Amino acid sequence: MKRKRADRGDGWKRIRKHRFALQASETEAFQGHVSLIYFDEVREPLWVPYAGQSICIVDDGYSWLQIFPQGARHAATAMFNAQGEAVQWYVDICKRTFIDEQGVLWYEDLYLDIIFLPGDKIELIDVDELDEALEQGVISDDEYNLAWNEASALLTQIKEERFPLVPLAEQYRVSLLAQMPLAGA
């Protein structure tokens, strides 16, 4: 199973300078953690395929808001361009999220991912990776079923435009941006 750091502290070579903020949220609307990665300077933009086109998800001034609902089996990333417009949502199906002894937020990725823009095409990806992980014994039958059950429930919510994290994204992006030190400070 893949473990991923919320702060992208894994040495992503594309990124020259970035800032990171993390906060816990215990509001009526949302319980869990939210983080923001702000890309001050990148070596080159990152373009990815989506719905038959190519979209930029990383460039100078772009930001990624990551939302980790408490007790959920997913972590959602809203990707914003330099003008603050959402360019893509990416939902990782995961076994769990946790904070380590150093205060770093991690998530255990269960391979399946959902990509979407509200009101646009929805893509379920990495089914082959999930199947391969099961075949190789990297995950159990229970984890495999957990991934499919979570993905199925989320796909329904997204298709019906009931995915509860979408309306929270802009509020948390603005709040976390305000907490960040200025670039170079």
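About the criteria used
- Residues numbered from 1 in each chain as written.
- Predicted model: local features only at pLDDT ≥ 70, side-chain atom pairs only at ≥ 80, totals over all residues.
- Heavy atoms only, no water.
- Helix = DSSP H or I, 4+ residues; strand = E, 2+ residues; numbered from the N terminus.
- Buried < 20%, exposed > 50% of the residue type's maximum accessible area, 1.4 Å probe, protein only.
- Polar contact = N/O pair within 3.5 Å; in protein donor to acceptor, adjacent residues only side chain to side chain.
- Phe/Tyr/Trp six-rings, centres within 6.5 Å; stacked < 30°, edge-to-face > 60°.
- Salt bridge = Lys/Arg side-chain N within 4 Å of Asp/Glu carboxyl O.

Within the element layout of this structure, Gln23 appears in strand S2 (residues 15–26). The buried category is assigned to Gln23, whose relative accessible area is 18%. A polar side-chain atom of Gln23 sits 2.5 Å from a polar atom in the side chain of Gln179.

To continue, consider the packing of aromatic side chains. Across all of its chains, the model carries eight aromatic pairs by this definition. Taking 5.5 Å as the distance between ring centres and 50° as the angle between the ring planes, the aromatic pair formed by Trp12 and Trp64 counts as tilted. Residue Trp12 is located in the loop between strand S1 (2–5) and S2, and its partner Trp64 is located in strand S6 (residues 63–69); the two are separated by 52 residues in the primary sequence. For the ring pair Trp89 and Phe116, a centre distance of 5.8 Å and an interplane angle of 15° mean the geometry is stacked. Of this pair, Trp89 sits in strand S8 (residues 86–99) while Phe116 sits in strand S9 (residues 105–116), and the two are 27 residues apart along the sequence. Comparing Trp89 with Phe116 shows no difference in burial state: the two are buried.

Time to look at unusual backbone geometry. Most peptide bonds are trans, and most residues other than glycine sit at a negative phi. Of note in the backbone geometry, Ala51 takes a positive phi value of approximately 50° without being a glycine. Summarising the element assignment, Ala51 is placed in the loop between strand S4 (46–50) and strand S5 (53–58). Residue Tyr111 is not a glycine yet carries a positive backbone phi of 75°. Take Tyr111: it is sitting in strand S9.

Moving on to the pattern of salt bridges. If you walk through the whole model with that rule in mind, you get 13 salt bridges. Lys4 is the partner of Asp109 in a salt bridge, and the nearest nitrogen-oxygen pair spans 2.8 Å. Here Lys4 lies in strand S1 and Asp109 lies in strand S9, a separation of 105 residues in the sequence. With relative accessibility at 0%, the residue Asp109 sits in the buried group. Among the residues examined, Lys4 registers a relative accessible area of 25% and is labelled partly exposed. Note that Glu41 is salt-bridged to Lys17, the shortest N-O span being 3.8 Å. Taken as a pair, Glu41 in strand S3 (residues 31–42) and Lys17 in strand S2 lie far apart in primary sequence, 24 residues in all. Residue Glu41 is classed as partly exposed on the basis of its relative accessible area of 26%. A residue is classified by how much of its surface remains accessible, and Lys17, at 52% relative accessible area, is exposed. Overlapping salt bridges bring together Arg3, Arg96 and Glu108 as one network.

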